[in-house]
Amino acid sequence: MDRNPRAETVRVEALRVTYGARVALDDVSFSLTAGQATSLIGPNGSGKSTLLHAIAGLRRPAAGRVMVLGAEPADVRPRLAYVLQATTTGEHLPVTVREAVAMGRYAHRGALGRLTRDDRRLVDEALERLDLGPLSRRHLRELSGGQRQRVAIGRALVREAPVFLFDEPLSNLDAQLRAELRVELKR
């Protein structure tokens, strides 16, 4: 990725996204530059999650174009970190908190690749920064919704991706943890 602070990371041009006959987004255009934090604000059902899905390459446009890091989203997916809105994904998998956070390194190693010393250091740092260290050996099914949300954020952070997409990352969290995570996400 271009380290130029003015480098464009996301460009959306005349985007239209539909669900069957229902139009979710219509004629959306904007660009984001490196180092920029942007919040999407709107009522439920206004298309915020749909827009993030389009940027992540999980939803194809009916019209218009989305470019991320100068390419189609599907072509740069390993360079994106996306934390979905409160999810139950993985809560029934027999994996621990540490293993779930370490999955963020799969973009660099592959699902069957061995983690390096640096990978393990990144995982340890994320567990510490998100106050997940004491939970690191617990299974996902044993966690509260807020704890699972912190695991998802940890998995995104260890990816070291140039583009982070968060869909209500602070949902299910108490006020103190929301304040702490705002600081962490700014980092």
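This text goes with the structure placed above it.
Here, residues in each chain are numbered from 1, in the same order as that chain's written sequence. This being a predicted model, a pLDDT of at least 70 is required before a residue's local features are given, and a value of 80 or more before pairs of side-chain atoms are given or counted; all residues contribute to the totals for chains, interfaces and linings. Values reported for side chains reflect all heavy atoms of the structure, with hydrogen atoms and water molecules removed beforehand.

(A) Here's a closer look at the environment of Arg 65. Each helix is a run of H or I in the DSSP string that is no shorter than four residues. Each strand is a run of E no shorter than two, and both are numbered from the N terminus. In this structure, Arg 65 sits in strand S3 (residues 63-68). For the pair Arg 65 and Ala 175, spaced 110 residues apart in sequence, the C-alpha separation works out to 38 Å. The contact rule is simple, with two residues in contact once any of their heavy atoms fall within 4.5 Å. Residue contacts for Arg 65: discarding those within four places in its chain leaves Arg 11, Val 12 and Glu 13.

(B) Focus on the pairing of strand S1 (residues 8-19). Pairing analysis gives eight bridges linking S1 to strand S2 (residues 22-33), with the strands arranged antiparallel. Bridged to Tyr 19 within S2 is Arg 22. Any two strands are treated as partners once DSSP identifies two or more bridges connecting them. Hairpin geometry of S1 and S2 is characterised by an intervening segment of two residues between the two adjacent antiparallel strands and by a positive phi of about 65° at Gly 20. Here S1 runs beside S3; their pairing, made up of five bridges, is antiparallel. Looking at the pairing, Arg 11 lines up with Met 67 of S3.

(C) Up close: the pattern of salt bridges. One speaks of a salt bridge when a side-chain nitrogen belonging to Lys or Arg is within 4 Å of a carboxyl oxygen belonging to Asp or Glu. Overall, the coordinates contain 10 salt bridges when judged by the stated rule. In this structure, Asp 119 engages Arg 105 in a salt bridge whose closest nitrogen and oxygen atoms are separated by 2.8 Å. Taken together, the residues Asp 119 in helix H4 (residues 117-129) and Arg 105 in the loop between helix H2 (97-102) and helix H3 (106-109) connect sequence positions 14 residues apart. Considered together, Asp 119 and Arg 105 belong to a single accessibility category, that of buried residues. What makes Asp 119 buried here is its relative accessible area of 0%. Overlapping salt bridges, with partners in common, bring together Arg 105, Arg 109, Asp 119 and Glu 160 in one network. Under the scheme applied here, a residue whose accessible area is under 20% of the maximum for its type counts as buried, over 50% as exposed, and between as partly exposed, the area being computed with a 1.4 Å probe on protein chains only.

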